[in-house]
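Structural characterization, general
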Amino acid sequence: MLTTRPATLAQIQQIYQHIPEFAAAHSLQDLQLRIGDAAHYALIAELDGQPVGFKLGYQTGDDTFYSWLGGVLPAFRRCGVAGRLLEEQERWARMQGFTRLTVKTRNQFRAMLTLLVSRHYQIIALEKKGEVADYRLLLEKIL
């Protein structure tokens, strides 16, 4: 059974370091520095009690929540984990009074782009950086 639960940054970092696309670029200290004192939500997905994915975001404005990092372990992709995490993050953000949720992804992460667009996120900016596959797309959903 797939469930989600709040998590600590240390628990997030444990899963994060096993997501190949991230190449463990952020240490626990990096996560803590980035979040700082901002309101944040750290969420883990578990399948039969085993952590299989995470979502981490924080407040960036009075009404805006930024979905910063998220990932699913490769063996558990295409099982609805990312969608469940996104739904839970949106639900939490709404309950906290946020009216918009933003997320940035890279052009090369087509599964994430497809998920976001299918959930009514709209592209609001493009950041050209490196090769076309590395271009960053900023998406937003009005909650």
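As a reminder, the structure under discussion sits directly above these lines.
Because the structure is predicted, anything quoted here is derived from the model rather than measured. (Residues numbered from 1 in each chain as written. Predicted model: local features only at pLDDT ≥ 70, side-chain atom pairs only at ≥ 80, totals over all residues. Heavy atoms only, no water.)

Where burial is concerned, most of strand 2 (residues 40–47) is hidden: six out of the eight residues are buried. Judged from the five bridges that link them, strand 1 (residues 2–6) and strand 2 form a sheet pairing that is antiparallel. Across the sheet, the residue bridging to Arg5 is Ile44, located in strand 2. Bridge analysis of strand 2 against strand 3 (residues 50–59) gives eight bridges, and the strand direction is antiparallel. What sits directly across from Leu47, in strand 3, is Gln50. As consecutive antiparallel partners, strand 2 and strand 3 are separated by two residues, and within that stretch Asp48 has a phi angle of approximately 50°, a positive value. (Buried < 20%, exposed > 50% of the residue type's maximum accessible area, 1.4 Å probe, protein only. Helix = DSSP H or I, 4+ residues; strand = E, 2+ residues; numbered from the N terminus. Pairing = 2+ DSSP bridges.)

Let us look at the side chain of Glu46. Topologically, Glu46 is positioned in strand 2. By relative accessible area, which is 13% here, Glu46 ends up buried. Here Arg5 takes part through its side chain, which lies 3.0 Å from a polar atom of the side chain of Glu46. (Polar contact = N/O pair within 3.5 Å; in protein donor to acceptor, adjacent residues only side chain to side chain.)

Taken as a whole, this structure holds ten salt bridges when the rule is applied. Its salt-bridge partner being Arg77, residue Glu21 comes within 2.7 Å of it at the nearest N-O pair. With Glu21 in the loop between helix 1 (9–16) and helix 2 (28–35) and Arg77 in the loop between strand 4 (64–72) and helix 3 (81–95), the pair connects residues that are 56 residues apart, well separated along the chain. Under the relative-accessibility criterion, Arg77 is labelled partly exposed at 32%. It is possible to trace a salt-bridge network through shared partners that takes in Asp63, Arg100 and Glu140. (Salt bridge = Lys/Arg side-chain N within 4 Å of Asp/Glu carboxyl O.)

Before going further, it helps to spend a moment on the packing of aromatic side chains. Following the criterion strictly, the structure yields eight aromatic pairs and no others. Aromatic pair Tyr16 and Phe54: ring centres 6.2 Å apart, planes at 75°, arrangement edge-to-face. Separated by 38 residues along the polypeptide, Tyr16 in helix 1 and Phe54 in strand 3 bring together distant segments of the chain. No difference in accessibility class separates Tyr16 from Phe54, as the two residues are buried. Aromatic ring contacts, followed pair by pair, group Tyr41, Phe65, Trp92 and Phe98 into a single cluster. (Phe/Tyr/Trp six-rings, centres within 6.5 Å; stacked < 30°, edge-to-face > 60°.)

The topology assignment puts Met112 in helix 4 (residues 110–118). Residue class for Met112 comes out partly exposed when judged on its relative accessible area of 22%. Met112 sits 41 residues away from Gly71 along the chain, and the two C-alpha atoms are 9.4 Å apart. Residue contacts for Met112: discarding those within four places in its chain leaves Lys55 and Thr105. (Contact = heavy atoms within 4.5 Å.)

A few words on the pairing of strand 4. Within strand 4, eight of the nine residues are buried, which leaves the element mostly enclosed by the surrounding structure. The turn linking strand 3 back onto strand 4 is made up of four residues. Pairing between strand 4 and strand 5 (residues 100–106): four bridges, direction parallel. Residue pairing across strands places Thr64 opposite Arg100, the latter belonging to strand 5. The parallel pair strand 4 and strand 5, bridged by helix 3, forms a crossover whose chirality is right-handed. (Right-handed = clockwise from strand over helix to strand, strands pointing away.)

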